Each structure stands twice: as C-alpha cells, then as structure tokens.
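Inside the fold
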Amino acid sequence: MNEKLEKYSPYVLGLLRIIIGYMFLLHGTAKFFEFPMSMTNGNGSVPLFSQYGVGGILEIVGGFLFIIGLFTRPVAFLLSGMMAFAFFFVHGANPLLPLLKGGELPALYCFVFFFFIFAGSGKFSVDNRNK
C-alpha cells in the first residue's frame with residue numbers, strides 16, 4: 001500500500017503548495033483590494049507602510065511565488081517566520097490555547113510553510129521544471 005501511495009507524493013505535495021499559496025495570496029488581496037472580502041470593514045486598503053501593509057505585500061508576493069513554485073524553500077522560510085511573528089505578537093496567542101485569540105490559522109500556516117522548507121516544492125513548480 002505504501003509503495004502505491006508513495007508514487008503520488010510529489011503530485012499531492014505540489015497540489016498542497018498551490019492551494020496553500022492561493023489561500024495565502026487571498027489574505028493579501030483582502031488587505032489591499034478588498035477582494036474577496038474587506039479586512040478594513042469597507043474603509044479601503046491598509047496603509048502600505050504599516051505592519052498590515054508589509055504583511056499584505058508578503059502575502060501577495062509570497063503567495064504568488066508559492067503558487068508557481070519559484071524559490072519555494074526560501075519563500076517558505078520567510079513566510080513561516082512571518083506567521084510565527086503573527087502568532088506570538090499580532091494575535092498574542094497562548095501556545096497551548098491558540099484558539100482563544102485567533103492564533104490557530106497563523107500557527108497552521110507557520111507549520112505548513114515550515115514543512116515546505118524541508119519537503120521542497122513537489123510537482124508542477126518552476127523550481128522542478130527540469131526534473
């Protein structure tokens with residue numbers, strides 16, 4: 001059974017990378033373009049040179065790079081650190097009870113990106129175009 005599933009591993013990893021990148025990209029578009037929803041309750045985009053603005057830039061650029069699978073490991077390293085910062089400092093989350101202050105999503109993103117540092121990009125990526 002393991003041998004049969006193992007041959008699909010790079011494809012599933014690539015699919016996971018694309019889905020995670022797309023969902024992460026949407027956080028940035030919500031901050032700047034109010035799409036698919038407004039992060040500012042209809043008050044326009046977040047200021048570019050604010051904590052949320054820098055986060056939005058990283059979400060858009062990092063999400064796009066993650067979707068296409070370009071510089072996957074360095075981008076995953078950067079985004080994992082960003083999400084660790086969001087977990088501890090923005091959400092002030094308790095590591096043992098992350099649900100209390102909305103820290104569960106940053107924690108999940110942090111560890112998924114951390115996984116990609118070691119796993120690589122999988123199939124369907126610019127990084128692996130010659131493989």
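Since the structure is predicted, the reported quantities are computational estimates derived from the model, not experimental observations.

Things to note about the packing of helix α2 (residues 9-33) against helix α5 (residues 104-119)
Where α2 contacts α5, the axes come no closer than 12 Å and their chain directions differ by 140°. The angle between the axes of α2 and α5 places the two elements in the oblique class. α2 and α5 meet at a crossing whose hand is left-handed. Counted together, Leu13, Leu16, Arg17, Ile20, Met23, Phe24 and His27 of α2 and Leu105, Tyr109, Val112, Phe113, Phe115, Phe116 and Ala119 of α5 form the full contact between these two elements. Looking at the contact of α2 with α5 residue by residue, the classes come out as 12 nonpolar, one polar and one charged.

What about the UniProt feature "transmembrane region" (unreviewed entry) in the protein?
UniProt's feature table lists "transmembrane region" (unreviewed entry) at residues 12-29, 49-68, 75-94 and 106-126, given in the numbering used throughout. From the first C-alpha to the last, residues 12-29 spans 26 Å; its make-up is 100% helix and 0% strand. Strand forms 0% of residues 75-94 and helix 80%; the C-alpha atoms that close the span are 26 Å apart.

Details of the side chain of serine 121
Mapped onto the elements of the fold, serine 121 is located in the segment after α5. Apart from the residues lying within four places of it in its own chain, the contact partners of serine 121 are Leu13, Gly14, Arg17, Thr72, Asp127 and Asn128.

With respect to helix α4 (residues 72-90)
Owing to its 3.6 residues per turn, the α-helix brings residues three or four apart onto one side. Between the first and last C-alpha of α4 there are 25 Å, a value that for 19 residues agrees with the 27 Å anticipated at 1.5 Å per step. Listed as buried for α4 are Thr72, Val75, Ala76, Leu79, Ser80, Met82, Met83, Ala86 and Phe87. Angular distribution of buried residues about the axis of α4 spans 165°; they occupy a single face of the element. In α4, the exposed positions angled more than 90 degrees off the buried face are occupied by Pro74, Phe77 and Phe89. In this fold, the buried residues of α4 make contact with α2, α3 (51-68) and α5. Just downstream of α4, glycine 92 is the residue with a positive phi angle, here 55°.

A closer look at the nonpolar core
In this structure, Phe24, Phe66, Ala76, Leu79, Met83, Tyr109 and Phe113 are the most contacted members of the largest nonpolar core, which totals 16 residues. Broken down by secondary-structure element, the contributors of at least two residues to this core are α2, α3, α4 and α5. Of all the elements, α4 adds the most residues to this core, at six residues. When neighbours within four sequence positions are excluded, tyrosine 109 is seen to be in contact with Ile20, Met23, Phe24, His27 and Met83.

The rules behind the values
- Residues numbered from 1 in each chain as written.
- Predicted model: local features only at pLDDT ≥ 70, side-chain atom pairs only at ≥ 80, totals over all residues.
- Heavy atoms only, no water.
- Axes fitted to C-alpha atoms, helices over the stretch in contact; angles between N-to-C directions.
- Helix = DSSP H or I, 4+ residues; strand = E, 2+ residues; numbered from the N terminus.
- Parallel < 35°, antiparallel > 145°, perpendicular 65-115°, else oblique.
- Left-handed = near helix turned anticlockwise from the far one by under 90°.
- Contact = heavy atoms within 4.5 Å.
- Nonpolar A, V, L, I, M, F, W, Y, C, P; charged D, E, K, R; others polar.
- UniProt positions renumbered as here; feature names shortened; annotations may be inferred.
- Expected span 1.5 Å × (residues − 1).
- Buried < 20%, exposed > 50% of the residue type's maximum accessible area, 1.4 Å probe, protein only.
- Arc of directions from axis to C-beta.
- Core = buried A, V, L, I, M, F, W, Y, C linked by side-chain atoms within 4.5 Å.

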